[in-house]
Number of protein chains: 2
Amino acid sequence: MVGVDAGATTTRCVVATVDGTIVGRGAAGGANHNSSGGDIAERLKAAMSQALSDIDRRAVAGGILGAAGSSGAGRAIFGTASAVAWRDLDLSGDAVPVTDLEVAFAAGTAGTDGVLLLSGTGALAARFAAGELARRCDGYGWLLGDEGSAVWIGVRALRAVLAALDGRGAPTVLVDAAKELFAIGPGSAEETAQALLTAAFACPPAALGSFAPRVDVAAEQGDPVARRITTAAAAKLLHTLDTVEPDPGQPVVLAGSVLLSPGPVARAVHAGLTRRDIGTVRTARDGAAGAAALALARLTGAAVRPDVHARLTGHERPRG
Amino acid sequence: MVGVDAGATTTRCVVATVDGTIVGRGAAGGANHNSSGGDIAERLKAAMSQALSDIDRRAVAGGILGAAGSSGAGRAIFGTASAVAWRDLDLSGDAVPVTDLEVAFAAGTAGTDGVLLLSGTGALAARFAAGELARRCDGYGWLLGDEGSAVWIGVRALRAVLAALDGRGAPTVLVDAAKELFAIGPGSAEETAQALLTAAFACPPAALGSFAPRVDVAAEQGDPVARRITTAAAAKLLHTLDTVEPDPGQPVVLAGSVLLSPGPVARAVHAGLTRRDIGTVRTARDGAAGAAALALARLTGAAVRPDVHARLTGHERPRG
C-alpha cells in the first residue's frame, strides 16, 4: 500500500506491507493548490518515487492520497494530480484521493468512528461516523477562523506585544521573544513596534504561527499575557471539539503541532478532555501512515487490526 | 494655499484663500505607497491640477501635503513625490509633506494641542502638543492592530458569521447580511461558509471594512452578536484614546467613517467621552481642508483664526 499526506509545506509518502510494516518512506515539497505553488502532480510523484525506490512497483496494490485544502475546487485539482502521478509511476490498483482530515483521523485510530481535533497551522474538529465525515467545525484559515491554532496564538501574541509597546496592554516577556524571532535590534518602543510590523507584514500570515512555541514558553514561565493567550487557545479548541458533539464512548484523535508538542495548550486540552470524561485519547503523528492504513482497509474491505495499525502508525501499543 | 490629503483610495486637494474661502477642489486615485499602486507623484499632480484649474498658479504661496502610511520608509517616498509634483506644476513656495494624522487633527481644530481619535479603515489615537505629535497609539494595520476600526469590526463579524454557521456561535442576522454583501446564493450552512471564505479571501483584507456598516445596522436592530462587536469596538477605541492620555481641557478630534457616521459605535464613543468629562469634541470631515489650514498657519506663522478655520473646514460655527 502507498499512503500519501500532502500538506502545504511537505508531502510525505509511506509504503507499507499488509501486516503494517513500513518498507519505504519519501518526502517532497508541499502539494496544496492554495499555498504551495509548483506542480502538485510532480510533488506527489517525487515523494512516491522516493518511497518506492527499493520496492518492486508491481507489488503495489493501491494507495490513498490525502491533501489539505482539497475541499471545493481543490478536490478536483488534487484528484487529477493524484491520477496523473499514479499513472506516470505506472502503479497498479487505484489511487484514491481523500482529505487531510480523513488521513489524520486514520493516523490516530484504526476505527471508523470518533472525533479528530487538530491544531497546527490551522485548527478544526471533525466527527467521523462509519468512516465518513459526519460533521466539521472551523478550519477556516488564518483570517477568519482556525481559532486556537498556532497562527491564531501567534497573531494574538503579536497584537499583545504591540499593545505592550504603546501602552494599551500589560508589559510582557513576549516583547523580547518577538524581537528575537524577527531579529529586531535596539530602539525606542515606537521604533520596535514599526520594525515588528514591517517584519510581520513581510511574511505570509500563516508563517506567524512560528511565534506560538515562544508563547508556550512564556506561559510556562508564568507571563500573565502569554498565559491568557494559551488558556484562551485551549478553550477555543475544546469549544470547537464540543461543537461537533463527540460521543464519550469513541476516541478523540489529537493532531497538529500545537496539540502534539508538550506545553500549556496541549496540557489544558488534555485536562479538558479528562473533565469531559472522554476515555480514549489518541495522537495522529504520521499522516502518511494514516493514509496507508486507509489504503489497507480499502484493499481488505475490513477494519485494520489494532496491532497492524499500531505497527504502521508508530503507536507503541494499540488502545481503543 | 494648497492642501492635499492623500489616502489609500483617494487623494483630495483643496485650494483656499487666506480668509479660508475654498476656491478649488480636486480628487484623484490613492497615493499610499503601501496599498495604492501607481505613481504617487502623478496622483498628487492630478488632484492638484484639477483643484488649480481655475486659478492663477502664480498666486499659490505654499502647500501642505498629508499622506497616510508616510511613516518610516514611506516618509521619504512621499516627500520626494510631493516635491516632484510641486515642481512639475511650477508652483511657488514650499510643499511640506506631513502625516495624515496632522492633517486630520487640523481638519478638526485650529488649535495646536489636543487628541485625534480616528476609526475608519484603520484606527489610532494621537496626542498633539504645540503642533507636534507627542504620542501615538495603535494604527498598526488590519493584521495586528487597528482595534475598533471598520476592518476590525468587519473581520470580527465575519468570524461570528462562520461560528454561527458551524454551531460554535449564536445565530445572528449577520449571516444574511454577509450573504447579501458577498452575493452568496442559497446552500447548506457548510456550503455558505465555504463560499464566504472564498469571497473574503478574494478581496484585500482592508476591504473587509465594507461589512462594518451592516454590523452597525444589525446592532441597531438589537442583534446580540452585532451589539457585542460594536460595544467591543467602542471600548477598544476609548481605551486607545485613554492610552495617549488626553488632557480634559483640550479638544478631542474624531475622524474616520466609523466615528463620523451615526451608529452604535460612534454613539458609544461619544457617551464614553461624556463620561470622561472631555468638553470639546470636534469632527474632522475634510482632511484636505485641514492641510490647507496647516499651510495657512505655516504661511502666517500664527494660529488660524477660528472663523477662518470654520469656513475652511466646513464647521458651521467655531467652537473650542
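Anyway, here's the lowdown on the structure attached to this text. The shown structure was predicted, so the numbers you read here are calculated from the model rather than taken from an experiment.

### Considerations on the sheet that holds strand β1 (residues 2-6) of chain A
All names here are of chain A. Within the open sheet, the 5 strands sit side by side as β3-β2-β1-β4-β5. Their pairing is mixed. Strands at the two margins of the open sheet, each flanked by one partner only, are β3 (22-29) and β5 (95-99). Strand-to-strand twist in this sheet, taken as the mean axis angle between neighbours without regard to direction, amounts to 15°. Here 5 bridges tie strand β4 (residues 63-67) to β5, and the two strands are oriented parallel to one another. Across the sheet, residue Gly66 finds its bridge partner in β5, namely Val98. Across the sheet, helix α11 (residues 287-300) touches β1, β2 (10-16), β4 and β5, and the angle it forms with β1 is around 140°.

### A closer look at the interface of chain B and chain A
Contacts between the two partners involve 29 residues from chain B, matched on the other side by 29 residues from chain A. Summed over both sides, the interface of chain B with chain A buries roughly 3000 Å², with 60% coming from carbon and sulfur. The three residues of chain B that bury the most area against chain A are B:Tyr140, B:Leu144 and B:Arg168, which together make up 28% of that side's buried surface. One salt bridge connects A:Glu147 with B:Arg159, and the closest N-O pair in it is separated by 3.2 Å. For the interface between chain B and chain A, the tally reads 18 residue pairs in polar contact (both at pLDDT 80 or more). Where the side of chain B that touches chain A is concerned, the elements lending two or more residues are β8 (132-138), α4 (150-166), α6 (189-202) and α8 (224-243) of chain B. Among the residues making up the side of chain B that touches chain A, the classes are represented as 14 nonpolar, 7 polar and 8 charged.

### Observations regarding helix α11 (residues 287-300) of chain B
Residue and element names in this part refer to chain B. Taking 1.5 Å of rise per residue, 14 residues should cover 20 Å, and α11 covers 20 Å from first to last C-alpha, within 8% of that figure. Of the positions making up α11, those classed as buried are Gly287, Ala288, Ala289, Gly290, Ala291, Ala292, Ala293, Ala295 and Leu296. Those residues of α11 that are buried are in contact with β1 (2-6), β2 (10-16), β4 (63-67), α3 (100-108) and α12 (306-313). One or two positions beyond α11, positive phi appears at Gly301, with a value near 70°.

### Examining the relation of the copies chain B and chain A
Each copy of the sequence occupies a distinct position, and chain B is placed on chain A by a rotation of 180° and an axial shift of 0.0 Å, giving an RMSD of 0.1 Å. Put plainly, the chains are arranged around a two-fold axis. Taking C-alpha positions as reference, the residue of chain B nearest the rotation axis is B:Leu143, located at 4.3 Å. Of all interface residues in chain B, 100% are interface residues in chain A too; the two copies therefore contact each other through one and the same surface.

### A few points about the sheet that holds strand β7 (residues 123-129) of chain A
Residues and elements named next belong to chain A. Strand order in this open sheet of 5 strands is β8-β7-β6-β9-β10, and the pairing throughout is mixed. Pairing within the sheet leaves two strands with one partner each, and these edge strands are β8 (132-138) and β10 (281-284). Strand-to-strand twist in this sheet, taken as the mean axis angle between neighbours without regard to direction, amounts to 20°. As paired strands, β7 and β8 are joined by 6 bridges and run antiparallel to one another. For Phe128, the partnering residue across the bridge sits in β8 and is Leu133. In the packing of helix α8 (residues 224-243) onto the sheet, the strands contacted are β6 (114-119), β7, β8 and β9 (252-255), and the crossing angle to β6 comes to about 150°.

Reading the values: the criteria
- Residues numbered from 1 in each chain as written.
- Chains lettered and ligands numbered in written order.
- Predicted model: local features only at pLDDT ≥ 70, side-chain atom pairs only at ≥ 80, totals over all residues.
- Heavy atoms only, no water.
- Pairing = 2+ DSSP bridges.
- Helix = DSSP H or I, 4+ residues; strand = E, 2+ residues; numbered from the N terminus.
- Axes fitted to C-alpha atoms, helices over the stretch in contact; angles between N-to-C directions.
- Contact = heavy atoms within 4.5 Å.
- Buried area = accessible area lost by both parts, 1.4 Å probe.
- Salt bridge = Lys/Arg side-chain N within 4 Å of Asp/Glu carboxyl O.
- Polar contact = N/O pair within 3.5 Å; in protein donor to acceptor, adjacent residues only side chain to side chain.
- Nonpolar A, V, L, I, M, F, W, Y, C, P; charged D, E, K, R; others polar.
- Expected span 1.5 Å × (residues − 1).
- Buried < 20%, exposed > 50% of the residue type's maximum accessible area, 1.4 Å probe, protein only.
- Least-squares fit on C-alpha atoms with pLDDT ≥ 70 in both.

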